[in-house]
Amino acid sequence: MKIDVISIFPEYLSPLNLSLLGKAQSSGLVEINVHDLRKQTADNHNTVDDTPYGGGAGMVMLPEVWGKTLDPMLEENSDLIILTPAGKKFTQKMAESFAKSSHLLFACGRYEGIDDRVRQHYCQPEYQVKNIRVHEVSIGDYVLGGGEVAAMVIIEAVTRLIPGVLGNPLSLAEESHNDEGYLEYPNFTKPQEWRGIAVPEILLSGNHAEIAKWRKAQAEKRAKENL
Ligand code: SAM
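Note that the structure is a prediction, hence the values are computed from the model and not measured.

Trainee: Is there a simple way to explain the site of the ligand in this structure?
Mentor: In the neighbourhood of the ligand, 19 residues make up the surrounding shell, with Leu83, Gly109, Glu112, Tyr142 and Leu144 lying closest. At a separation of 2.7 Å, an oxygen atom of the ligand approaches a polar backbone atom of leucine 83. Note that a nitrogen atom of the ligand is positioned 3.0 Å from one of the backbone N or O atoms of isoleucine 139. Protein contact buries 83% of the 590 Å² of open area that the ligand shows by itself. Among the detected pockets, the ligand sits in the largest pocket. Those elements that place two or more of their residues in the shell around the ligand are β5 (79–89) and β7 (133–138). Of the residues forming the shell around the ligand, the biggest block, 3 residues, is contributed by β5.

Here you go:
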């Protein structure tokens, strides 16, 4: 999978080179390229924003600098993800769908966000015939300062679903949110007792059927309490 991330703060994305994602890049499973939006600016000040038409607080990101940056990157069969708190809420289902893509492109907004004509432009039929899909995505009902952290959240959730990225693929079985309304049961490891709290007896019994029953009940209890 190829991933392009566009931001005015490319250094913000440096954690993408660590841990599983770092390994996935070294092994060639994932290719991540981070691009500085300011490289496509046309003035000495590297301006990427201007005041909003219609008035109001804040600044809006200029469409032309985004267009110039995105045009050469948007090859056939790409998913352009525009990060915005006003987008569709990111879920595990969405992660599974993005994991099937060959090319994800993340547009990280700053200020009041990106001029909406960027979204409108790439939704046009000439892009649809090339299988270029545009998604406005939010990672939750709160407002961040920029799209970089949101892009990293989505990239981490998506790439761990790519075969070979996780050391043990069985880790993906029985995970929270695999099915709607499912949360994983609580987990325990050694020692058997820690600070006076013992591991539930049933987990030491070796009775797999009873353990599965207990875990199912715990998962249901959690879902009732937390969802
Ligand atoms: N004026 C915008 C609004 O009220 O919807 C908020 C802009 S926010 C300060 C700046 C940028 O941060 C957005 O363009 C987006 O890229 C990113 N951002 C903020 N919150 C986000 C969220 N919950 N999910 C995804 N991206 C977010």
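Trainee: When you look at the pattern of salt bridges in this model, what are you seeing that I'm missing?
Mentor: Taken as a whole and judged by the stated rule, the model has 12 salt bridges. Note that lysine 89 and aspartate 141 form a salt bridge whose closest N and O atoms lie 3.3 Å from each other. Here aspartate 141 lies in the loop between β7 and α6 (148–159) and lysine 89 lies in strand β5, a separation of 52 residues in the sequence. Overall, lysine 89 belongs to the partly exposed group, its relative accessible area being 41%.

Trainee: For this particular structure, what's the right way to read the side chain of glutamine 92?
Mentor: Relative to the helices and strands, glutamine 92 is located in helix α3 (residues 92–98). Residues within four places of glutamine 92 in sequence aside, it is in contact with Leu161 and His177.

Trainee: Looking at this structure, I do not really get the layout of surface pockets. What am I missing?
Mentor: Remark: the empty space left among the atoms is shown by a probe the size of a water molecule rolled over them. Considered as a void within the structure, the largest pocket measures approximately 500 Å³ in volume. If you trace the largest pocket, you find 27 residues lining it, with Leu83, Thr84, Pro85, Glu112 and Gly113 closest to the centre. Secondary structure elements with two or more residues in the lining of the largest pocket: β5, α4 (117–122) and β7. Looking at the lining of the largest pocket residue by residue, the classes come out as 13 nonpolar, 8 polar and 6 charged.

Trainee: What's the story with the nonpolar core in this structure? I'm lost.
Mentor: A general feature of soluble globular proteins is that nonpolar side chains tend to end up buried together. By size, the foremost hydrophobic cluster in this structure holds 30 residues, and its most contacted members are Ile3, Val5, Phe90, Phe98, Phe106 and Val158. For this core, the secondary structure elements donating two or more residues are β1 (2–7), α1 (19–26), β5, α3, β6 (103–107) and α6. A per-element tally of this core places α6 first, with 7 residues. When sequence neighbours within four positions are dropped, the list of residues in contact with isoleucine 3 reads Val30, Glu31, Ile32, Asn33, Leu104, Phe106, Ile155 and Thr159.

Trainee: What am I meant to see in the packing of aromatic side chains here?
Mentor: Under the criterion given, the structure shown has 2 aromatic pairs. On the numbers, 4.9 Å between centres and 65 degrees between planes, the contact of tyrosine 122 with tyrosine 127 is edge-to-face. The exposure classification of tyrosine 122 matches that of tyrosine 127, with both residues buried.

Trainee: How do you make sense of unusual backbone geometry when you look at a structure like this?
Mentor: Glycine aside, residues mostly have negative phi angles, and peptide bonds mostly take the trans form. Cis peptide bonds are those with omega within 30 degrees of zero, and the linkage from lysine 190 to proline 191 qualifies with 5 degrees. Of note, the phi angle at histidine 177 is positive, near 70 degrees, even though the residue is not glycine. Note on placement: histidine 177 falls in the loop between α6 and β8 (193–194).

Trainee: Even after reading the chapter, I still don't get the pairing of β1, so can you show me in this structure?
Mentor: For β1, the tally of buried residues reaches 5 of 6 residues, placing the bulk of the element in the interior. Alignment of β1 against strand β2 (residues 31–36), held across 6 bridges, turns out to be parallel. Within β2, the position partnered with serine 7 by the bridge is aspartate 36. The handedness of the β1 to β2 crossover, carried by α1, is right-handed. Sheet analysis places β1 next to β6, joined by 5 bridges and oriented parallel. Paired with isoleucine 6 across the strands is alanine 107, a residue of β6.

So, how was this worked out
Residues numbered from 1 in each chain as written. Predicted model: local features only at pLDDT ≥ 70, side-chain atom pairs only at ≥ 80, totals over all residues. Heavy atoms only, no water. Near = heavy atom within 4 Å. Polar contact = N/O pair within 3.5 Å; in protein donor to acceptor, adjacent residues only side chain to side chain. Areas by Shrake-Rupley, 256 points an atom, 1.4 Å probe, with all protein chains shown as cover. 1 Å grid on protein atoms, 1.4 Å probe; cavity = no way out; pocket = protein on both sides within 12 Å on 5 of 7 lines; lining within 4 Å. Sits in = over half its atoms within 2 Å of the grid points. Helix = DSSP H or I, 4+ residues; strand = E, 2+ residues; numbered from the N terminus. Salt bridge = Lys/Arg side-chain N within 4 Å of Asp/Glu carboxyl O. Buried < 20%, exposed > 50% of the residue type's maximum accessible area, 1.4 Å probe, protein only. Contact = heavy atoms within 4.5 Å. Points joined across faces, edges and corners; volume = space filled by probe spheres on them. Nonpolar A, V, L, I, M, F, W, Y, C, P; charged D, E, K, R; others polar. Core = buried A, V, L, I, M, F, W, Y, C linked by side-chain atoms within 4.5 Å. Phe/Tyr/Trp six-rings, centres within 6.5 Å; stacked < 30°, edge-to-face > 60°. Pairing = 2+ DSSP bridges. Right-handed = clockwise from strand over helix to strand, strands pointing away.

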